[in-house]
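# Per-entry structural report
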Amino acid sequence: MGSHMIGQFSKALSSEDTKVFYIVNPYRPWSGSREDIEQTMTRVLHVAGLSTFSLVANPNFGIETSVNEVLEGIKRVKDMFPDKEIEFVCAKKSLIEQISKETAKPVFPLSLNILPDIREL
């Protein structure tokens, strides 16, 4: 649904000096294979009026994510898209130092700001 909103900016986003990122978390249920990801990606890019993108790996399970899970997730994304370069990796701030030692890709630190489930309060 958000891709419809992005469509109004398609001319600006398609310019030479703009880079569009498509973020892939290989651990999400709808991201189990390249075909699954491409199905969603194609719909989003089409509705948004975009034809090119750069790939970002964001392998995580939320706050429980370990360094090994991030590294395995990077490998999964590479295996699913061997023809596409991963621009950078996203990971929890607390894992950045360890992950940076294990990958040549730039690692973008994320701070998780998750509200507790109100039903649990």
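### Section: the pairing of strand E2 (residues 54–57)
Side chains Ser54 and Val56 of E2 all project onto a buried face; the interleaved residues Leu55 and Ala57 project onto the opposite face, where all are buried too. The pairing of strand E1 (residues 21–24) with E2 spans four bridges and is parallel. Paired with Phe21 across the strands is Ser54, a residue of E2. Following the backbone out of E1, through helix H3 (residues 34–48) and into the adjacent parallel E2, one traces a crossover that is right-handed. The pairing of E2 with strand E3 (residues 86–92) spans three bridges and is classified as parallel. Counterpart to Ala57 in the pairing with E3 is Val89. Running through helix H4 (residues 67–80), the crossover from E2 to the neighbouring parallel element E3 is right-handed.

### Re the side chain of Thr103
Inspection of the secondary structure assignment puts Thr103 in the loop between helix H5 (96–102) and strand E4 (107–110). Polar side-chain contacts of Thr103 include one of 3.2 Å to the backbone nitrogen of Lys105.

Calculation criteria
- In this numbering scheme, every chain counts its residues from 1 along its sequence in written order.
- In keeping with the predicted nature of the model, local features appear solely for residues at pLDDT of at least 70, side-chain atom pairs appear and are counted solely at 80 or more, and the whole-chain, interface and lining totals rest on all residues.
- The side-chain numbers reported here are obtained from all heavy atoms of the structure, hydrogens and water having been left aside.
- Think of it in three bands: with a 1.4 Å probe and only protein chains considered, a residue is buried below 20% of the maximum accessible area for its type, exposed above 50%, and partly exposed in between.
- The helix and strand labels rest on DSSP assignments: H or I over at least four residues marks a helix, E over at least two residues marks a strand, and numbering proceeds from the N terminus.
- For two strands to be treated as a pair, DSSP must find at least two bridges joining them.
- When the strands point away from the viewer, a crossover counts as right-handed if the path from the first strand over the helix to the second runs clockwise.
- Here a polar contact is taken to be a pair of N or O atoms separated by no more than 3.5 Å, where protein atoms must pair a possible hydrogen donor with a possible acceptor and residues adjacent in sequence count only if both atoms sit in side chains.

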